[in-house]
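The primary structure of each chain is shown beneath.
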Amino acid sequence: MPISHPPRDYEELIRVIHDRHDQMSKTYQRISVFLTQNPNDVAVQSVNAIAERCGIHASSFVRFAQALGYKGFKELQALFQQRLATAAPGFEARVKALEAELHTSRDRNETGFLSDLVVRDIASLHELLKDIRQEDLAAAARLLFEADTIYLVGQMRSLPVVELMRYQLTMVGKRCILLDSAGGLSTYVARTITPRDVLMAVSFRFYAKEVVNIAEELGAKGIDIVAISDSTLSPLAKSARVLFPVPEHDYTFSRSLAAPMCLAQALVVAVAARVQHDDKAPRIPIVTGT
């Protein structure tokens, strides 16, 4: 893994990590995933704090940085600090304010749990707004709009995201099929997908094996895939035509779906605007009226 010239900026660093990820040791792969999922935390926390969160010794982070050509972790961390400093105006201040609120909140009652989750979700939504690219949203919406049939797959914690998309896309007139794992037929139904169709795949750590296998098999056949996952190092990344990485942050109990749900609904609204020829006020019809 060692290289002679270290990456000069954050974007180059991420490209190098992607290129070398498959050849890295398991420990370095875990470090890579953390760095790509938590760039703001990497910018502001000490190497010891980061290492503790990962369950990996701090010396491994130092060696990881040195393998990339840096003298130590601080040189690598400087790239993350530069990225945060040049973020959208006001974003850094909002992030710091949210972090401060989290650190000062010590209520361990029901209201405290609610507050902790809400603050974390607000931070995730801020990051989503900053990190998701317009060109990716437009490309994904176009693929979904032009598809004869949209196949959706997501299991375990990802299932609510594709269930919501199936309901909303069906209501705006798109033909949708959910690859339900019941009966063990998902893989076989997926093999009926044609080049005129699109697969919408959603998976987060610890990636559902069947979802990954379906995406890899269809990707190898040239089927267009739109994916929502938690990292650009996700196993869905290699197969997806458009990948939306929505980083997940550590929660005491679970990881929230607020940001992925918001992104999924934004995609549906973009499709609805195309279906209804109305980019100002697209609507999803209601099932019942009063």
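See the structure above.
## Some thoughts on unusual backbone geometry
For residues that are not glycine, phi is negative in most cases, and the peptide bond is trans in most cases.
Then step 1. A positive phi angle is found at Met156, which is not glycine, with a value near 55°.
Then step 2. As for its position among the elements, Met156 is in the loop between β1 (150–153) and α10 (159–171).
Then step 3. One non-glycine residue with positive phi stands out, namely His277, at about 50°.
Then step 4. Mapping His277 onto the fold places it in the segment after α13 (258–275).

## Section: the environment of Ala201
Then step 1. One can find Ala201 in strand β3 (residues 198–202).
Then step 2. Excluding residues that lie within four positions of it along the chain, Ala201 makes contacts with Val153, Val211, Ile225, Val226, Ala227, Ile228 and Leu236.

## Here's the deal with the layout of surface pockets
Then step 1. Quantified by volume, the largest pocket comes out at close to 790 Å³.
Then step 2. Around the largest pocket sit 29 residues that line it, and Tyr10, Ile14, Asp131, Thr232 and Pro245 are the ones nearest its centre.
Then step 3. Here the lining of the largest pocket gets five residues from one element, more than from any other, and that element is helix α1 (residues 10–20).
Then step 4. Split by residue class, the lining of the largest pocket holds twelve nonpolar, seven polar and ten charged.

## Quick notes on the pairing of β3
Then step 1. The buried fraction of β3 is high, at five of five residues.
Then step 2. The side-chain alternation of β3 yields two buried faces, one formed by Val198, Met200 and Val202 and the other by Leu199 and Ala201.
Then step 3. Where β1 lies against β3, four bridges are found, and the strand directions are parallel. The residue bridging Val153 from the neighbouring strand is Ala201, located in β3.
Then step 4. One ladder, built from five bridges, connects β3 with strand β4 (residues 224–229); its direction is parallel. Opposite Leu199, over in β4, you have Ile225 as the bridge partner.
Then step 5. Each parallel crossover has a hand, and for β3 linked through helix α12 (residues 209–220) to β4 it is right-handed.

## Quick look at the sheet that holds β1
Then step 1. One open sheet holds the five strands; their spatial order is β2-β1-β3-β4-β5, and the pairing between them is parallel. Edge strands, defined here as strands with exactly one partner in the open sheet, are β2 (176–178) and β5 (242–245). Across the sheet, the mean angle separating the axes of adjacent strands is 15° when strand polarity is ignored.
Then step 2. In the sheet, β1 pairs with β2 via three bridges, with the strands oriented parallel. By the bridge assignment for β2, Tyr151 is matched with Ile177.
Then step 3. Against the sheet, helix α9 (residues 134–146) touches β1, β3, β4 and β5, its axis set at about 130° to β5.

## Observations concerning empty space enclosed by the protein
Then step 1. The full count for this structure, using the stated rule, is two cavities of 30 Å³ or more.
Then step 2. Counted as a void, the second largest cavity has a volume near 70 Å³.
Then step 3. For the second largest cavity, the lining is made up of ten residues, of which Ser124, Glu127, Leu128, Val246 and Pro247 are closest to its centre.
Then step 4. With four residues, helix α8 (residues 110–131) is the largest single contributor of residues to the lining of the second largest cavity.
Then step 5. Taken together, the residues of the lining of the second largest cavity break down into six nonpolar, two polar and two charged.

## Observations concerning α10
Each α-helix turn comprises 3.6 residues. Residues three or four places apart therefore point the same way.
Then step 1. Over its 13 residues, α10 runs 19 Å from end to end, which matches the ideal 18 Å to within 8%, given 1.5 Å per residue.
Then step 2. Taken together, the buried positions of α10 are occupied by Val161, Val162, Met165, Gln168 and Leu169. Along α10, the residues classed as buried sweep out an arc of 130° about the axis, all on the same side.
Then step 3. Turning to α10, the residues buried within the fold contact β1, β2, β3 and α13.

## Topic: the pattern of salt bridges
Where charged atoms of side chains with opposite charge meet at close range, the side chains can pair.
Then step 1. Summed over all chains, the structure comprises 14 salt bridges.
Then step 2. With a closest N to O distance of 2.8 Å, Asp41 and Arg53 form a salt bridge. Residue Asp41 is found in helix α3 (residues 39–44), and its partner Arg53 is found in helix α4 (residues 47–54); the two are separated by twelve residues along the sequence.
Then step 3. Arg53 sits in the partly exposed class, given a relative accessible area of 30%.
Then step 4. Look at the salt bridges and you will find they share partners, linking Arg83, Lys130 and Asp131 into a network.

Rules behind the numbers
- Residues numbered from 1 in each chain as written.
- Predicted model: local features only at pLDDT ≥ 70, side-chain atom pairs only at ≥ 80, totals over all residues.
- Heavy atoms only, no water.
- Helix = DSSP H or I, 4+ residues; strand = E, 2+ residues; numbered from the N terminus.
- Contact = heavy atoms within 4.5 Å.
- 1 Å grid on protein atoms, 1.4 Å probe; cavity = no way out; pocket = protein on both sides within 12 Å on 5 of 7 lines; lining within 4 Å.
- Points joined across faces, edges and corners; volume = space filled by probe spheres on them.
- Nonpolar A, V, L, I, M, F, W, Y, C, P; charged D, E, K, R; others polar.
- Buried < 20%, exposed > 50% of the residue type's maximum accessible area, 1.4 Å probe, protein only.
- Pairing = 2+ DSSP bridges.
- Right-handed = clockwise from strand over helix to strand, strands pointing away.
- Axes fitted to C-alpha atoms, helices over the stretch in contact; angles between N-to-C directions.
- Expected span 1.5 Å × (residues − 1).
- Arc of directions from axis to C-beta.
- Salt bridge = Lys/Arg side-chain N within 4 Å of Asp/Glu carboxyl O.

It is worth stressing that arrangement in space is one thing and function is another; only the former is reported here.
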